[in-house]
Amino acid sequence: MTNDERVRVEFQLDGGAQALAVGADDTALAVLREHCGRTGTKLGCGHGVCGACAVLVDGESVKTCLLPATALHRRSVTTVEGLAQADRLHPIQRAFMAEDALQCGYCTPGFLIRSASFVDQWRREQGDVAPSRDTIAAALAGHLCRCGAYEQIFAAVASACTGVHDSMDPVVPRYDARVKVEGKAVYTVDVKLAGQLEGRMLRSPHAHAKVVVLDLERARQRPGVKAVLDLRGADAMVRYAGQEIAAVAAIDRHTAEAALRDIEIRYEVFPAAIGMERALADGAALVYPRRSERKLAPNTSEGPLGPLGWTGNLRGPFFFFSVKRRKARAAIERARAGAGTLVEGIWETQVQCHTALEPNAAVARWDDDGGLSVWVSTQAVHRMSHDIATRFGLPQAKVRVFADYVGGGFGGKADFAPSTRAAIELAKLAGAPVRVVLDRREELTVGGLRPAQKFDLALAANEAGELAGMRLTAWGDAGVAIGSVTSSMFRIMYKRAPRDLSDYDVTTHGPPGKPFRGPGGPPAFWALEQAIDQMAIARTIDPVALRRSWDDSPVRTRLYDWVETLDAWTQRGPIAADKGRYRRGVGLAAGGWFYFVQSATKVEVALGPQGVIASTASQDMGNGTRTAIANAVARHFTISPHAVEVRIGDSRLVEGPFSGGSRTTASVVPAADDGAIRLRELLTKAVAAKLGLRQARGEASGIVHADGVLGWAEAFAVAPECSVVGKRVKDQGGFFLPFRVEGLAIGRFLAGSVQVVELEVDTRLGKIRPLRTWAGIGCGRLISPELARSQLQGGIIQGLSYALYEERRLDPRTGQLLTGSLDDYRIAGIGDIPEIHTHFDEAGFEDVRSGTVGLGELVTLAPAACVGNAVMHATGWRPLTLPIRPDRLVEAMKATSQ
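Described below are features of the structure shown in this document. (Residues numbered from 1 in each chain as written. Predicted model: local features only at pLDDT ≥ 70, side-chain atom pairs only at ≥ 80, totals over all residues. Heavy atoms only, no water.)

Time to look at the packing of aromatic side chains. Tallying each qualifying case throughout the model produces 17 aromatic pairs. Ring centres of Y288 and W310 lie 6.1 Å apart, and the angle between their planes is 85°; this geometry places the pair in the edge-to-face category. Of this pair, Y288 sits in the loop between α9 (276–280) and β12 (310–311) while W310 sits in strand β12, placing them 22 residues apart in sequence. We classify W310 as buried; its relative accessible area is 17%. Lying over the aromatic face of F658, R383 brings its terminal NZ or CZ to 4.5 Å of the ring centre. (Phe/Tyr/Trp six-rings, centres within 6.5 Å; stacked < 30°, edge-to-face > 60°. Helix = DSSP H or I, 4+ residues; strand = E, 2+ residues; numbered from the N terminus. Buried < 20%, exposed > 50% of the residue type's maximum accessible area, 1.4 Å probe, protein only. Lys NZ or Arg CZ within 6 Å of the ring centre and 35° of its normal.)

Attention now goes to the pattern of salt bridges. Pairing between side chains of opposite charge can happen when the charged atoms of each approach one another. Scanning the entire structure with this criterion turns up 71 salt bridges. Measuring nitrogen to oxygen at the nearest pair gives 3.2 Å for the salt bridge that ties R178 to E182. Among the salt bridges present, the one from K894 reaches E891, with a minimum N-O distance of 3.7 Å. Taken together, the positions of K894 and E891, both in helix α24 (residues 886–897) and three residues apart, correspond to about one turn of that helix. Taking relative accessible area as the criterion, K894 reaches 45% and is therefore assigned partly exposed. Within the structure, one salt-bridge network assembled from shared partners comprises R200, R203, E244, R253, E257, D439 and E442. (Salt bridge = Lys/Arg side-chain N within 4 Å of Asp/Glu carboxyl O.)

In this section: the state of the cysteines. All told, the structure shown has zero disulfides when counted by the stated rule. You can see C104 has no disulfide; the closest cysteine sulfur is in C147, sitting 3.7 Å from it. (Disulfide = S-S within 2.5 Å.)

On to the packing of helix α5 (residues 150–161) against helix α22 (residues 785–804). Direction vectors running N to C along α5 and α22 enclose 120°, while the axes themselves pass 8 Å from each other. In terms of orientation, α5 and α22 fall into the oblique class. In this structure, α5 uses Y150, E151 and Q152 to contact α22, whose residues at the interface are R789, S790, Q793 and I797. Classifying every residue of the contact of α5 with α22 by side-chain character gives two nonpolar, three polar and two charged. (Axes fitted to C-alpha atoms, helices over the stretch in contact; angles between N-to-C directions. Parallel < 35°, antiparallel > 145°, perpendicular 65-115°, else oblique. Contact = heavy atoms within 4.5 Å. Nonpolar A, V, L, I, M, F, W, Y, C, P; charged D, E, K, R; others polar.)

By the bridge criterion, two bridges tie β12 to strand β13 (residues 314–318) in an arrangement that is antiparallel. Following the sheet pairing, W310 is matched in β13 by R315. Between β12 and β13, which pair antiparallel in sequence order, lie two residues; one of them, G312, sits at a positive phi of approximately 60°. Across three bridges, β13 lies against strand β23 (residues 499–506) in antiparallel orientation. (Pairing = 2+ DSSP bridges.)

What follows covers the sheet that holds strand β11 (residues 264–269). Strand order across the open sheet formed by three strands is β9-β7-β11, with antiparallel pairing between neighbours. Each having just a single partner strand, β9 (237–238) and β11 make up the two edges of the open sheet. With two bridges joining them, strand β7 (residues 209–215) and β9 adopt antiparallel strand pairing. Bridging across to β9, K210 finds its partner in M237.

Here we come to the pairing of strand β22 (residues 467–477). In terms of burial, β22 is a largely internal element, ten of the eleven residues being buried. For strand β21 (residues 452–461) and β22, the ladder comprises ten bridges, and the chain directions are antiparallel. Paired with K454 across the two strands is W475, which belongs to β22. Joining the antiparallel neighbours β21 and β22 is a turn of five residues, in which G465 adopts a positive phi near 90°. Summarising the sheet, β22 and β23 pair through seven bridges and their orientation is parallel. Residue L472 lies in a different strand from β23, and its bridge partner there is L501. Viewed along the sheet, the connection from β22 through helix α14 (residues 487–492) into β23 turns out right-handed. (Right-handed = clockwise from strand over helix to strand, strands pointing away.)

Below, the discussion takes up helix α16 (residues 543–550). Those residues of α16 lying buried are P543, V544, L546, R547 and W550. One side of α16 holds all its buried residues, which, seen down the axis, span an arc of 160°. The N-capping residue of α16, defined by a side-chain oxygen 2.8 Å from the backbone nitrogen of V544, is D542. (Arc of directions from axis to C-beta. Polar contact = N/O pair within 3.5 Å; in protein donor to acceptor, adjacent residues only side chain to side chain.)

In the contact formed by α22 and helix α23 (residues 863–875), the axes pass within 7 Å of each other and the chain directions differ by 55°. The orientation of α22 relative to α23 falls into the category oblique. Here α22 runs over α23; the crossing is right-handed. Here G795, I796, G799, L800, Y802, A803 and L804 of α22 come into contact with α23, specifically with P863, A864 and V867. Looking at the contact of α22 with α23, its residues break down into eight nonpolar, two polar and no charged. (Left-handed = near helix turned anticlockwise from the far one by under 90°.)

Strand order in the open sheet made by the six strands is β12-β13-β23-β22-β21-β14, with mixed pairing throughout. For this open sheet the edge positions go to β12 and β14 (341–349), each flanked by a neighbour on one side alone.

Let us now look at the nonpolar core. Counting residues in each nonpolar core, the largest one holds 161 residues, and the members touching the most others are I153 and F490. Not counting residues within four places of it along the chain, the set of residues in contact with F490 comprises F455, L457, M470, L472, R499, L501, A524, A527 and L528. M384, V406, V446 and M621 belong to the second largest nonpolar core, which has 41 residues in total. (Core = buried A, V, L, I, M, F, W, Y, C linked by side-chain atoms within 4.5 Å.)

To continue, consider the environment of A194. With respect to the secondary-structure elements, A194 resides in the loop between α6 (177–181) and β6 (197–203). Sequence separation of A194 and I541 is 347 residues, and the distance between their C-alpha atoms is 69 Å.

Along helix α8 (residues 253–262), the residues that are buried comprise T255, A256, A258, A259, L260 and D262. Those residues of α8 that are buried are in contact with β6, α7 (217–221), β8 (225–230), β10 (244–250) and β11. Two or three places before H254, at the opening of α8, D252 has a side-chain oxygen 3.4 Å from that residue's backbone nitrogen.

Residue placement: C50 occurs in the loop between α1 (28–35) and β3 (54–57). Owing to a relative accessible area of 3%, C50 belongs among the buried residues under this scheme. For the pair formed by C50 and R383, sequence separation is 333 residues and the distance between their alpha carbons is 31 Å. Residues within four places of C50 in sequence aside, it is in contact with G44, C45, G142, H143, L144, L357 and L822.

Let's shift gears to the side chain of E293. In this structure, E293 sits in the loop between α9 and β12. A distance of 3.2 Å separates the side chain of E293 from the side chain of R239, its partner in a polar contact. Within the local environment of E293, its side chain forms a polar contact with the side chain of R290, the two groups lying 2.9 Å apart. Filtering out sequence-adjacent residues up to four positions away, E293 remains in contact with R239 and Y288.

This is the structure:
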């Protein structure tokens with residue numbers, strides 16, 4: 001039987017009968033999504049690892065991405081949309097809402113399905129008692145959350161098992177939680193327009209080649225193919241395996257993939273430089289052999305690129321962040337000669353893939369009036385509309401970008417991606433809407449990556465114990481991309497010391513890097529905070545005491561005070577005290593991050609027929625933009641945040657911020673505050689004039705006047721419809737720089753963090769198991785404490801995953817991806833995480849508008865270094881290379897025992 005032959009399948013779906021004709025190769029997931037409209041069920045990996053596709057089949061949780069559609073015959077299927085009965089939520093749905101057990105929400109339906117099955121069975125067999133943490137982890141193994149909401153998922157499942165969520169809907173901290181737990185949130189991959197076609201891209205299997213023949217005619221002639229596109233542009237060179245060559249649009253994915261096989265293509269293949277060592281070797285193949293080609297290099301940073309010199313594949317050095325370079329060198333030489341203490345070493349980090357569970361996706365439609373509508377999974381709704389208009393020569397008013405819900409981003413969805421370009425151009429050629437969605441292998445290839453780094457670092461302390469000098473040479477491998485500026489992290493920490501800092505880009509024949517949560521931060525702190533720890537060991541001083549003496553951050557000073565109240569830290573014992581197979585260690589690391597603001601941010605706040613409306617052209621990728629805006633506006637009227645209608649994800653709204661660099665909350669909340677206050681003043685005047693109120697003034701409780709208080713509910717009933725636009729005005733004292741860098745203002749303050757981790761090392765098998773971690777964060781006032789906690793814990797989980805598991809691998813000869821699935825590219829699962837304890841210090845940012853500076857980047861900086869220091873404390877071995885794989889640890893243990 002071929003896929004063109006059909007077989008009738010009958011089954012019950014969410015209580016209703018279904019009868020469909022399906023093909024032999026059709027998966028249950030495809031049928032449920034494309035033919036039955038159950039888009040709450042998600043495609044995450046396509047190979048049965050992530051669990052986003054789970055549904056109940058005859059009451060059992062089943063992953064449908066590998067399940068043949070024919071297996072549904074005469075079965076009963078329940079999707080996340082069917083969990084609720086007669087509009088009554090399942091207890092696990094209520095629990096997820098109450099505990100904020102979700103962020104972007106893309107993996108949430110799968111977790112809910114598996115959790116519902118577990119909770120129902122557990123309560124039948126065990127009664128209303130909470131299962132253990134290990135029991136829950138075992139039950140939910142095989143389900144992944146890239147945002148890292150695991151700690152809240154533990155709490156949600158445990159509380160649902162006790163019956164506390166059986167009857168009443170809870171108070172919900174996250175504004176959009178209900179639509180996500182009901183499977184109603186519409187992501188770009190869920191968009192389905194009338195006449196929509198499926199687009200697929202042909203990618204090069206070679207890392208370095210020239211296309212000498214590209215014949216698209218056979219693909220054009222295939223029945224069902226509506227458009228074929230050459231994506232090469234003027235440059236015929238291939239610089240990495242996975243580079244886009246051509247694209248097709250067809251009536252379905254099966255036809256589009258068959259058309260790709262029809263394309264005749266021949267290459268002239270050249271040697272490739274894979275990895276930094278090969279790229280810097282004598283006679284290495286050059287990624288950009290001609291000066292004119294260097295302008296083609298993508299930018300892996302979030303800032304502009306300055307002119308730097310090139311030598312072969314080496315670009316740099318970049319010295320911008322150096323201070324008193326000669327003094328730093330002299331201090332290091334004095335310490336090397338014995339006048340002080342010197343710590344030096346070479347630290348290395350791997351390539352880390354963004355791995356958002358919702359892949360990069362775009363749906364494009366050209367409208368009859370010449371306008372262009374694009375649904376795209378993006379972190380930059382407003383900026384994306386500008387970039388598209390510029391690319392296609394359209395007035396920006398003719399381009400409309402939508403991103404209702406975004407399934408994670410972490411920096412990988414900030415740019416104008418080739419998938420978006422392909423969707424737009426194919427839609428133009430086909431005269432119909434086109435959707436382009438990357439599969440998981442494509443996502444792991446070109447969906448975004450954190451560059452690999454190599455650091456040659458030296459710290460010198462003088463005889464008085466002061467930090468006298470720092471020298472750093474950093475090399476970054478972002479594939480064909482450039483823009484490494486990791487030295488900025490070494491500039492903002494321990495600021496008083498002279499330092500000699502230089503950054504280099506090493507271009508290689510690998511896919512381009514992109515900004516990744518805390519760009520440059522986790523690699524930099526992996527090196528810096530371990531060097532600081534080693535200095536404390538060399539000087540026989542407590543690591544916190546050393547940092548206190550070198551660190552002038554008032555935020556971290558208070559966090560050091562907090563750390564010294566933790567028994568896990570103060571009672572940790574000496575280095576390598578355990579001598580058996582299993583050894584425990586405790587490590588500490590600190591971090592700091594910039595305070596950024598998108599100063600042009602606006603939030604329109606209006607009173608309409610249904611109440612208060614707040615809108616801005618921003619997006620929510622799980623960071624809580626909707627919640628932050630709703631909370632900010634609601635407090636000025638003493639109403640529930642859920643009474644505020646929040647509109648985002650549409651570029652036609654007033655300009656909102658890009659989500660990156662921890663700028664979103666620090667930008668939208670002050671603008672929302674400003675808009676709410678302006679609306680309150682406008683309403684007060686209008687209502688006072690209409691009702692004849694004397695001495696009226698607007699306050700959070702209502703309109704206070706000479707004869708009493710008129711509540712806002714009553715005021716809204718008589719007030720006219722009106723709107724105002726709130727702006728993100730300057731802080732007290734202004735910003736750090738008088739000018740903007742690509743619309744970004746740099747604030748005068750730095751956020752700070754200190755983290756402690758306790759772990760267990762199995763020296764025989766090389767496994768490292770984090771047991772508990774404590775994280776202290778100083779980022780100003782918390783707009784939503786529950787979401788701040790969730791962001792903090794998610795960032796720690798991503799940092800631990802980076803330290804222990806994640807490693808993108810390319811074939812060293814061909815450059816082809818070896819870690820092309822979530823089986824091969826491992827991210828932390830729910831059973832891998834420690835207990836996470838959080839502490840927030842909200843003081844110190846009183847001169848910042850609304851008192852908050854954001855925390856999304858800050859929380860992921862210290863975990864890897866924390867783990868490195870804890871491994872050193874447990875074993876006496878200093879790990880210098882990430883990830884800390886079992887084979888590396890076992891070899892180190894063998895070496896230290898000899």
